[in-house]
Amino acid sequence: MFERKSNKPQSPDQSPAATTTSEQPAVTKPTTPAKRPQGVTAVIGSKVKVNGDIMSSEDLLVEGEVTGTITLSDNELVVGTSGRVQANISAKTVRIEGEVKGDIDGSERVVICASGNVQGNVSSPRVMLEDGGRFKGSIDMGGSKPAAAAKPTPSAASEVHTIEKAG
């Protein structure tokens, strides 16, 4: 049925293996979470529930449920779209795409994405709330290193801004 008519090598797209699908199993790419950040090495899957304290020296992606505290002093925490966290969070950078109930301390920055929902206080030098993101609590963007800064005068003291949005 499939005979070669010449001894010339065939190009890969003309080979019988490429034209018959019954002999070759279909190859599918493994599914990965949308927008999975590079460098994330630890993952809490969407069907995993954790009760307790998490301390890590790796970046962490949470797609499941966490209750307790999360501490990643020099790393990034991403709460994925299916992530549900009821914990106080302390990390270098925090990105919220799911739901967080608790206080967030980001030593570098905190991002609340359009799909994110945060109920708690945020403390970080850089805070970003994307259009559509929900937030209820207070934001403190005062410097986290008071020893490096000069003593502020009472009129130049850092302010705590409260933003509340019904959600």
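Residues numbered from 1 in each chain as written. Predicted model: local features only at pLDDT ≥ 70, side-chain atom pairs only at ≥ 80, totals over all residues. Heavy atoms only, no water.

### Focus: the overall build of the protein
Stage number 1. Scanning the protein from N- to C-terminus turns up 1 helix and 12 strands.
Stage number 2. Secondary structure elements of the protein, listed N to C terminal, follow the sequence α-β-β-β-β-β-β-β-β-β-β-β-β.
Stage number 3. Relative to its full complement of 167 residues, the protein shows a buried share of 30%. (Helix = DSSP H or I, 4+ residues; strand = E, 2+ residues; numbered from the N terminus. Buried < 20%, exposed > 50% of the residue type's maximum accessible area, 1.4 Å probe, protein only.)

### Quick word on the pattern of salt bridges
Stage number 1. As enumerated under the stated definition, the model contains 4 salt bridges in all.
Stage number 2. Close ionic contact of Glu99 with Arg84 constitutes a salt bridge, the shortest N to O distance being 3.9 Å. Here Glu99 is found in strand β6 (residues 99–101), whereas its partner Arg84 is found in strand β5 (residues 84–96), with 15 residues between them in sequence.
Stage number 3. Residue classification places Glu99 among the partly exposed residues on the basis of a relative accessible area of 24%.
Stage number 4. Lys101 is the salt-bridge partner of Glu99, the closest N and O atoms lying 3.8 Å from each other. (Salt bridge = Lys/Arg side-chain N within 4 Å of Asp/Glu carboxyl O.)

### Concerning the environment of Asp105
Stage number 1. Within the secondary structure, Asp105 is located in strand β7 (residues 104–112).
Stage number 2. Classification of Asp105 as partly exposed rests on a relative accessible area of 37%.
Stage number 3. Sequence separation between Asp105 and Thr71 is 34 residues; the distance between their C-alpha atoms is 9.5 Å.
Stage number 4. Every residue in contact with Asp105, bar those within four places of it in the chain, is listed here: Ile89, Ser90, Ala91 and Ser123. (Contact = heavy atoms within 4.5 Å.)

### Re the nonpolar core
Stage number 1. Among the nonpolar cores identified, the biggest contains 24 residues, and Leu60, Ile70, Leu77, Val85 and Ile104 are the most heavily contacted of them.
Stage number 2. Here this core takes 6 residues from β5, the largest share from any one element.
Stage number 3. Setting aside anything within four residues of it in sequence, one finds Ile104 in contact with Ile89, Val94, Ile96, Val110, Val118, Asn121, Val122 and Ser123. (Core = buried A, V, L, I, M, F, W, Y, C linked by side-chain atoms within 4.5 Å.)

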